[in-house]
Amino acid sequence: MRIFSGIQPTGRKHLGNYIGAITQYVALQEAGEAIICIVDLHATTVAYDPARLRSDLYDLAAVLLAAGLDPERCIFFRQSDVLEHAELQWLLMGSTAYGELTRMTQFKDKSAVQEFISAGIFSYPVLMAADILLYGTERVPVGDDQRQHIELTRDVAQRFNSRFGETFVVPEGVIPEVGARIMDLQNPEKKMSTTGGTPQGTVYVTDEPAAIIKKFKSAVTDSGREIRHADDKAGISNLLEILAVIRGTTVGRLEEEFAGAGYGDFKLAVGEAVVDYLAPVRERYTQLRADEDELEQVLATGADKARGVAAQTMTRVRRAMGVGPARAGR
Ligand code: ATP
Ligand code: LTN
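The rules we used
Each chain carries its own residue numbering, running from 1 in the written order of its sequence. Key to labels: chains lettered from A, ligands numbered from 1, both in the order written. It should be noted that, the model being predicted, local features are given only for residues of pLDDT at least 70 and side-chain atom pairs only at 80 or more, the latter also being counted only at that level, while totals for whole chains, interfaces and linings use all residues. As a rule here, side-chain values come from all non-hydrogen atoms in the structure, and water together with hydrogens is ignored. Helix and strand assignments follow DSSP, with helices taken as H or I runs no shorter than four residues and strands as E runs no shorter than two, numbered in order from the N terminus. In this description the radius of gyration comes from C-alpha coordinates, and the expected globular size is given by 2.2 Å times residues to the power 0.38. Here, two residues are considered to be in contact whenever any of their heavy atoms come within 4.5 Å of each other. A side-chain nitrogen of Lys or Arg and a carboxyl oxygen of Asp or Glu constitute a salt bridge if their distance falls within 4 Å. Buried residues are those whose accessible area, probed at 1.4 Å on protein chains only, stays under 20% of the maximum for their type, while exposed residues exceed 50% and partly exposed ones sit between those limits. Whether a crossover is right-handed depends on one test, that the path from the first strand over the helix to the second runs clockwise when the strands point away from the viewer. Nearness here has a simple test: a residue counts as near a molecule or strand if at least one of its heavy atoms is within 4 Å of that partner. In protein, a polar contact requires one atom able to donate a hydrogen and another able to accept it; more generally it is a pair of N or O atoms within 3.5 Å, and residues adjacent in sequence count only if both atoms are side-chain atoms. Using the Shrake-Rupley algorithm and a 1.4 Å probe, accessible areas are obtained, with residue cover drawn only from the displayed protein chains.

*Asks:* Where do I start with the overall build of the chain in this structure?
*Replies:* Within the chain, the secondary structure is distributed over 13 helices and five strands. On C-alpha atoms alone, the chain measures out to a radius of gyration of 21 Å, which is about the 20 Å that the 2.2 N^0.38 rule sets for 330 residues. Seen through its C-alpha atoms, the chain measures out along the principal axes to roughly 70 × 45 × 40 Å. Of the contacts made within the chain by residues no fewer than 6 positions apart, 75% connect residues no fewer than 24 positions apart.

Structure, rendered in structure tokens:
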């Protein structure tokens, strides 16, 4: 089974990215052929600092390897190293409706906070579709916020196939039942996010233990006293989900365990569990981040492997679309 996912090298990665996506990448390495891509081209669609982008990319590469991505068992690479992504994005544009892109909620949310709304941020989901479709992907592990983009990818693939003949595998999203939408600790009505969240409510994978504990201790809850998962208890529900994923247990069991406990004790227990959970990752991260040449080497090896697969897909796409010479290859 072919598995593909992409992750942006923006800012530092948080507990939501870790639980919703990164742990899935690591687990799915066992389930099939996993391809994990750092999508630096996506990161250029909003205002950014070029030097910072490169350093964020190394941060992310080190976090992913520290989390357990194994370049021997998966293909791990940087999007901009494989030119076929940009080429396929353009070729898919003609099979994507303008109206479809205007309906993307991530576009609406992200463009609302931009001074300059680039054409890139508008066509961002088509590049994501290209990422996925280049590799004959069957499963795409993502958090809940990517549901709509996966749906678009499927629609574009199906439209292309019916227009130009069977070319693409139509992929499916893999969205975890618990932990696909970790909320901001200070504003549990909103998802934890580097770009749109609160600093105190966002727990970073590389945060110091003391900072993590502080963020959990000050997590916003509600005026009740029951530790229970419920629609009107967004803060407590979020903490229950975080702890359930970390302990590998169910929310129901945790509700039993913490029946009668105070909110303060519960918040501290979750904070401590998160510290223990992230400590080994942070330690490995620090070692891996120190050697940028080695990180480049790992990414270059991954890009060579990715290119091999991508080039084959592009030969079929060009032929199907009547683009380029009739003979095989470019
Ligand atoms: P952010 O909102 O923090 O900027 P993002 O969604 O824009 O993140 P990425 O860092 O590329 O961009 O996301 C990587 C993965 O993390 C995606 O699969 C996304 O669905 C998932 N993800 C992002 N936020 C959360 C969250 N709060 N809970 C669970 N999964 C999340
Ligand atoms: N759009 C995603 C990142 C992303 C992605 C992908 C995810 C780009 N290409 C391909 C899965 C598959 C995001 O904003 N998190």
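After that view, the rundown keeps rolling.
*Asks:* Looking at this structure, how should I read the pattern of salt bridges?
*Replies:* A side chain of one charge can pair with a side chain of the opposite charge when the charged atoms of the two come close. In total, this model carries 21 salt bridges according to the counting rule given. The salt bridge involving Asp-81 is made with Arg-78; its shortest N-O contact spans 3.1 Å. Lys-191 is the partner of Asp-145 in a salt bridge, and the nearest nitrogen-oxygen pair spans 2.9 Å. Of this pair, Asp-145 sits in the loop between strand S4 (139-141) and helix H8 (147-164) while Lys-191 sits in the loop between strand S5 (172-174) and helix H9 (209-217), and the two are 46 residues apart along the sequence. Take Asp-145: its relative accessible area is 28%, and that puts it in the partly exposed class.

*Asks:* Explanation requested: the pairing of strand S1 (residues 2-7) in the structure shown.
*Replies:* Counting buried positions along S1 gives five out of six residues, so the element sits mostly inside the fold. Of the crossover connections in this fold, the one passing from S1 over helix H1 (residues 15-28) to the parallel strand S2 (residues 33-38) is right-handed.

*Asks:* Honestly, the site of ligand 2 in this entry has me stumped. Any pointers?
*Replies:* Taken together, 14 residues are adjacent to ligand 2, and Gly-6, Tyr-124, Met-128, Asp-131 and Gln-146 come closest. Asp-131 places a side-chain nitrogen or oxygen 2.7 Å from a nitrogen atom of ligand 2. Within the side chain of Gln-146, one N or O atom sits 3.1 Å away from a nitrogen atom of ligand 2. In the complex, the protein chains occlude 91% of the 370 Å² of accessible area that ligand 2 would expose alone. Among the elements of the structure, S1 and helix H7 (119-133) are those that each provide at least two residues to the shell around ligand 2. Sort the elements by how many residues they give to the shell around ligand 2 and H7 lands first, with four residues.

Purely geometric numbers; function is a separate question.
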